[in-house]
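Chain residues, written in single-letter form:
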Amino acid sequence: MKRAVAAILLGALIGIGALYADTRTTRGKLKAVRDKDNVELRIENADSLPVLPCDSVSVSGYDKALRSGRESFRVANHYPRRVTGIVVDIVYRHAGGGEMLHARRLRLGCDIPPGETRQLEWSAWDKQNRYYYHDTRVTPRSVKAVPYEVEIYPREVKFSRDKD
């Protein structure tokens, strides 16, 4: 009798184990997939790509919260062709027009049809998460957080050869 009860219990444990055997909490062999709209623009054949005047686009809506590892802004295409890339210079300053904290040139790939607007995002310059954009919609609670302002200057705009 004890053997029969032990066999039943053992069978039940094996059955329960089999139910959960393929439920894994980790996944092996995953590969990172990059967002194709926001990868850096590759400029191997820069001479063959048409370049637009910078007034063919407008940049607005910059944002970066305190703990965010990403920055973003919106680009509006005012040109009759699809915009496929943009080069901008960004200057970061202490809020209130203070000293410069950082400056960089970004080359961003994008796909913006004529007359439309798209949001672009990229890795933040602030790797230690100490700074936040002074006009962000997420108000930081840390008193050590430092607000900053940005100046964005579009330098080049690439567009597709095909007319939309």
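Placed above this text is the structure.
For the structure given in this document, a descriptive report is provided here. Just so we're clear, the structure is a prediction, and the values are computed from it rather than from any experiment.

The rules behind the values
Residues numbered from 1 in each chain as written. Predicted model: local features only at pLDDT ≥ 70, side-chain atom pairs only at ≥ 80, totals over all residues. Heavy atoms only, no water. Pairing = 2+ DSSP bridges. Helix = DSSP H or I, 4+ residues; strand = E, 2+ residues; numbered from the N terminus. Axes fitted to C-alpha atoms, helices over the stretch in contact; angles between N-to-C directions. Polar contact = N/O pair within 3.5 Å; in protein donor to acceptor, adjacent residues only side chain to side chain. Contact = heavy atoms within 4.5 Å.

1. Things to note about the pairing of strand S5 (residues 100–112)
With 10 bridges connecting them, strand S4 (residues 81–94) and S5 associate as antiparallel partners. Paired with Val83 across the bridge in S5 is Ile112. As consecutive antiparallel partners, S4 and S5 are separated by 5 residues, and within that stretch Gly96 has a phi angle of approximately 90°, a positive value.

2. With respect to the sheet that holds strand S3 (residues 70–77)
The strand order across the open sheet formed by 3 strands is S2-S3-S6, and the pairing between neighbours is antiparallel. Two strands lie at the open edges of the sheet, namely strand S2 (57–63) and strand S6 (117–123), each paired on one side alone. Across the sheet, the axes of successive neighbouring strands diverge by a mean angle of 25°, strand direction being ignored. With 5 bridges connecting them, S2 and S3 associate as antiparallel partners.

3. A closer look at the side chain of Asn77
Here Asn77 lies in strand S3. From its side chain, Asn77 meets the backbone nitrogen of Tyr79 in a polar contact 2.8 Å long. Each residue touching Asn77, except ones within four places of it in the same chain, is listed here: Ser56, Val57, Arg82, Val83, Ile112, Pro113, Pro114, Gly115 and Glu116.

4. Some words on unusual backbone geometry
Negative phi values dominate among residues other than glycine, just as trans dominates among peptide bonds. Located in the positive-phi region is Asn129, a residue other than glycine, with phi close to 55°. Structurally, Asn129 is set in the loop between S6 and strand S7 (131–133).

5. Observations regarding the environment of Ser58
Its place among the elements puts Ser58 in strand S2. In sequence terms Ser58 and Tyr153 are 95 residues apart; their C-alpha atoms lie 9.8 Å from each other. If we ignore the near neighbours within four places in the chain, the residues touching Ser58 are Arg74, Val75, Ala76 and His78. Polar side-chain contacts of Ser58 include one of 2.9 Å to the side chain of His78.

Interpretation note: all reported values are geometric properties and have no functional meaning in isolation.
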